[in-house]
Amino acid sequence: MKKLLLALIIALNVSCGSAPADRGAASTQGTPSARPRQDIDFEQARRRMVEEQIEARGVTDSRVLEAMSRVPRHEYVPERYRAFAYNDNPLPIEFEQTISQPYIVALMTELLQPEPGDRILEIGTGSGYQAAVAAELVSEVYSIEIIPELARSAADRLERLGVSNVFVRAGDGYLGWPEQGPFDGILVTAGAEHIPEPLVEQLKPGARMIIPVGDSLSFQILRVVEKLPGGEVEIRDNIRVRFVPFRRN
Ligand code: SAH
C-alpha cells in the first residue's frame, strides 16, 4: 500500500504545478517518513522544505521564504496525504486537481513582487494554499475557482484556519473579477493556451501577471506578463512547468 502511494506521488511529480527535475538542486526529499502521522513535526518539515527545496533553488525574497515557513501546507492537503505535505512535489486534491509543488508556489509568489498594500487576483483556488501564501504578503487576495465544490471547500478551509483576507468566488477565471479590479498582481495556477485578454486588462500599470502558458499537454512556460507604466505589455519567459489545464465552462 505504501509503495503504491509512493508510486502515485512520484507519478504526480510530473502532473501539476511542478518544475522539471533538472532545475537547480534536485529533489532532496526522499522516501516519505515511516513514522506514524501524529509524530510528524510539521514545523521542522516546513523549515527543511524552505531550505532544501526553495532557498536551494534560488528563491531569495525573505518575505516569501517567511510566508512559506508560516503557512501550514499540511492543512491544505487531503488527510491521507498529510505525511507527504512537505515533500518536493504536487499532491492530489479533490476533483482530480492538485496542490502545486512548494517550490513553484514560492517562485510564482516571488515573481509577483508583492507589496504589503497590494490587492492580488488568483485564478485557480484549488486547495487555497497559494492564496494563503500570497495573503501573508499582501492586503487582499481575490481567488476564482471553476469547480464550485472546490471553491466552497477552499473558502471553508481558509475560514477555519483564520485566513480572513482571501475572498473566493466560483466561476471562470478567464474573465477575471472586473468588479474588484484592477489588481496589483495576478497569479494564474492552471496551464493556459494563451494569455487571457480580460486578465491583462485587469492589471494595473506597473503590475505583473504570472501565468503558465503553452499548447502542449505535457508542459507550459511560466511567463511574467508586465504591464508597463505607459500601458504597453512586456512578456518574459521563466522556467518550464506542468500545470493542470485552464478550463472553460
Ligand atoms: N492554486 C492551487 C492549485 C491549483 S490547481 C493551490 O494552491 O492549491 C488548478 C486549479 O485551477 C484547479 O482547481 C482547477 O479547477 C482550476 N481552474 C482551471 N481552470 C480554471 C478557470 N478557467 N477558472 C478558475 N479556475 C480554474
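Residues numbered from 1 in each chain as written. Predicted model: local features only at pLDDT ≥ 70, side-chain atom pairs only at ≥ 80, totals over all residues. Heavy atoms only, no water.

This part covers the site of the ligand. In the vicinity of the ligand there are 26 residues, among which Ser-127, Glu-145, Asp-172, Gly-173 and Arg-247 approach most closely. Taking Glu-122, its side chain carries an N or O atom lying 3.0 Å from a nitrogen atom of the ligand. Side-chain polar atom of Glu-145 to an oxygen atom of the ligand: 2.6 Å apart, as the coordinates give it. Elements that contribute at least two residues to the shell around the ligand include exactly β2 (98–99), β3 (119–123), α5 (129–135) and β4 (140–145). Here the shell around the ligand is built from residues that sort into 11 nonpolar, 11 polar and four charged. (Near = heavy atom within 4 Å. Polar contact = N/O pair within 3.5 Å; in protein donor to acceptor, adjacent residues only side chain to side chain. Helix = DSSP H or I, 4+ residues; strand = E, 2+ residues; numbered from the N terminus. Nonpolar A, V, L, I, M, F, W, Y, C, P; charged D, E, K, R; others polar.)

Another aspect to go through is unusual backbone geometry. Cis geometry marks the peptide bond from Gly-181 to Pro-182, where omega comes out at -5°. Structurally, Pro-182 is set in the loop between β5 (166–170) and β6 (183–188). Here Phe-95, not a glycine, exhibits a phi torsion of approximately 55°, which is positive. Relative to the helices and strands, Phe-95 resides in the loop between β1 (91–92) and β2. In this structure, Gln-113 takes a positive phi of about 50° despite not being glycine. The class of Gln-113 is partly exposed, set by a relative accessible area of 46%. (Buried < 20%, exposed > 50% of the residue type's maximum accessible area, 1.4 Å probe, protein only.)

A separate point is the pattern of salt bridges. Taken as a whole and judged by the stated rule, the model has 14 salt bridges. Here Arg-48 and Glu-52 are joined by a salt bridge, their closest N and O atoms 3.2 Å apart. One end of the pair, Arg-48, and the other, Glu-52, are both in helix α2 (residues 42–54), four residues apart, so they sit about a helical turn from each other. Looking at Arg-48, the relative accessible area reads 39%, which means it is partly exposed. Looking at Glu-52, the relative accessible area reads 22%, which means it is partly exposed. Of the charged contacts, one joins Arg-248 and Asp-172 as a salt bridge, the two residues approaching to 2.7 Å between their closest N and O atoms. With Arg-248 in the segment after β9 (233–241) and Asp-172 in the loop between β5 and β6, this pair connects stretches of sequence that are 76 residues apart. (Salt bridge = Lys/Arg side-chain N within 4 Å of Asp/Glu carboxyl O.)

A few words now on the packing of aromatic side chains. All told, the structure shown has six aromatic pairs when counted by the stated rule. Members of the aromatic cluster, connected to one another through ring pairs, are Tyr-142, Phe-167, Trp-177 and Phe-183. The residue whose ring lies beneath Arg-57 is Tyr-103, and the NZ or CZ to ring-centre distance is 4.9 Å. The aromatic ring of Tyr-174 is capped on one face by Arg-248, whose charged end is 3.8 Å from the ring centroid. (Phe/Tyr/Trp six-rings, centres within 6.5 Å; stacked < 30°, edge-to-face > 60°. Lys NZ or Arg CZ within 6 Å of the ring centre and 35° of its normal.)

In this model, the chain carries a mean pLDDT of 89, and residues with pLDDT of at least 70 account for 86%. Note on residues 1–15: pLDDT is under 50 here. Beyond four places in sequence and across chains, it has 23 contacts. Note that pLDDT drops below 50 for residues 21–34; the model gives that stretch 23 contacts with residues more than four away or on any other chain. (pLDDT = per-residue confidence, 0-100. Contact = heavy atoms within 4.5 Å.)

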